[in-house]
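Structural overview for review
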Amino acid sequence: MNSKTTKIIYWTGAVLTSLWFGASGFFELTNNPLVWGITQQLGYPAHFIYILGVFKVAGVITLLIPNKLLRLKEWVFAGVFFDIIFAFFSKIAVLGFGAATDAIIAFVMVSVTYAMYRKLYTATYTPSTENF
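Everything numeric here is computed off the predicted structure, so don't read it as measured data.

Enumeration over the complete set of coordinates arrives at 13 aromatic pairs. Pairing Phe-81 with Tyr-114 gives two aromatic rings, centres 6.4 Å apart and planes at 90°, and the pair type is edge-to-face. Placement of Phe-81 in helix α4 (residues 70–94) and of Tyr-114 in helix α5 (residues 101–120) is noted, with a sequence separation of 33 residues between them. The class for Phe-81 is buried, based on a relative accessible area of 17%. Connected via pairs of aromatic rings, a cluster forms that spans Tyr-10, Trp-11, Phe-77, Phe-81, Phe-107, Tyr-114, Tyr-117 and Tyr-121.

In C-alpha cells form, the structure reads like this:
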C-alpha cells in the first residue's frame, strides 16, 4: 500500500472517529437525554459523563491537528480504545449483545485508523545519553 492510500485511509478514519466521538462528547456535555439515559442505565454517574464529554472533545481536536502532537495522539487512541472496550462490556452486561454492535463497529474503525497512523508515523526511539 502506498503512502497516498495510507493517508487517505488514515484521514478518512480520523474524520469518522472524530465525528463519532465528537458528537458523543457534545451530547454528553449538553445533557442529551438519549445519551445520558443510556449511560446512566449502564450505571455510570453524572459527573463521569461530563468527564467523558470533555476528554472526547479534547481528543477529537487533537486527532484533527495534522502532523502535530503525535505522542498525545497515541494517548487519544488509547483513550478511545478504553472507551470502546468499556462501552462494549457495559452494554453486554446490562443491555445485551444487540446494544453492543456499535462498539464493535467503532473498534474495527479505530483499529484500522490506528494501524494507518502507525504506518504514517513510525515510532523512533533514541537511547538516552544521560545517566540517571
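More follows now that the structure is in view.
For the largest pocket, the calculated volume is near 1,000 Å³. Elements supplying a minimum of two residues to the lining of the largest pocket: α1 (3–29), α2 (33–41), α3 (46–63), α4 and α5. Ranked by the residues each element gives to the lining of the largest pocket, the list is headed by α4, at 11 residues. A breakdown of the residues in the lining of the largest pocket according to their chemical character gives 26 nonpolar, 8 polar and 5 charged.

Attention now moves to the pattern of salt bridges. Applying the stated criterion to the full structure yields 4 salt bridges. A salt bridge links Glu-28 to Lys-56; the nearest nitrogen and oxygen atoms lie 2.9 Å apart. Residue Glu-28 is found in helix α1, and its partner Lys-56 is found in helix α3; the two are separated by 28 residues along the sequence. When salt bridges that share partners are traced, they join Glu-28, Lys-56 and Asp-83 into one network.

Conventions and cut-offs
- Residues numbered from 1 in each chain as written.
- Predicted model: local features only at pLDDT ≥ 70, side-chain atom pairs only at ≥ 80, totals over all residues.
- Heavy atoms only, no water.
- Phe/Tyr/Trp six-rings, centres within 6.5 Å; stacked < 30°, edge-to-face > 60°.
- Helix = DSSP H or I, 4+ residues; strand = E, 2+ residues; numbered from the N terminus.
- Buried < 20%, exposed > 50% of the residue type's maximum accessible area, 1.4 Å probe, protein only.
- 1 Å grid on protein atoms, 1.4 Å probe; cavity = no way out; pocket = protein on both sides within 12 Å on 5 of 7 lines; lining within 4 Å.
- Points joined across faces, edges and corners; volume = space filled by probe spheres on them.
- Nonpolar A, V, L, I, M, F, W, Y, C, P; charged D, E, K, R; others polar.
- Salt bridge = Lys/Arg side-chain N within 4 Å of Asp/Glu carboxyl O.

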